[in-house]
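# Architecture at a glance
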Amino acid sequence: MKTKLKTPFTALVLLLVAVMYQVVAQPVLPTGGKKMPDEWIDQDTHHRILRLTRKPGNNASFYFHNDPFIRETRDEGDRMIFYGDDDRGRNVYAERS
């Protein structure tokens, strides 16, 4: 059963509630020093942080001035290069974006 919104005000209130839920749903945390969730809001900068890989271990990106993305020539999507540690030591990985 579809319900029509009677006024633009109702639509605005629903949109505001949805936006507030999204902001509240992500924790505000200091970055680093402990295992971090897949998404959070940085306590100092208030930037939204999103973990790009779920690979276990100690993963890191290249320094900020090195572009970690490799363009694919076909329609397969670009790859992001990063390095990480696992039981075989330090390795370089490529994830599709």
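Our subject in this report is the structure included herewith. (Residues numbered from 1 in each chain as written. Predicted model: local features only at pLDDT ≥ 70, side-chain atom pairs only at ≥ 80, totals over all residues. Heavy atoms only, no water.)

### Regarding a nonpolar patch on the surface
A cluster of nonpolar side chains, Phe 9, Leu 12 and Leu 15, forms an exposed patch at the surface whose accessible area comes to about 350 Å². Relative to the helices and strands, Leu 15 is located in helix α1 (residues 8–25). Using a relative accessible area of 52% as the deciding quantity, one classes Leu 15 as exposed. (Patch = residues over 30% accessible without salt bridge, like charges linked within 9 Å, V, L, I, M, F, W, Y side chains within 5 Å. Areas by Shrake-Rupley, 256 points an atom, 1.4 Å probe, with all protein chains shown as cover. Salt bridge = Lys/Arg side-chain N within 4 Å of Asp/Glu carboxyl O. Helix = DSSP H or I, 4+ residues; strand = E, 2+ residues; numbered from the N terminus. Buried < 20%, exposed > 50% of the residue type's maximum accessible area, 1.4 Å probe, protein only.)

### Concerning the pairing of strand β2 (residues 39–42)
Looking at chain direction, strand β1 (residues 28–29) and β2 are connected through 2 bridges and run parallel. Paired with Leu 29 across the bridge in β2 is Asp 42. Where β2 meets strand β3 (residues 48–50), 3 bridges bridge the pair, whose relative direction is antiparallel. What sits directly across from Glu 39, in β3, is Leu 50. With antiparallel pairing between neighbouring strands as the criterion, β2 and β3 make up a hairpin whose turn holds 5 residues, including His 46 at a positive phi of roughly 60°. (Pairing = 2+ DSSP bridges.)

### What about the sheet that holds β2?
Taken together, 3 strands build an open sheet; the order of strands is β1-β2-β3 and the sheet is mixed. Only two strands of the sheet have a single neighbouring strand rather than two, namely β1 and β3.

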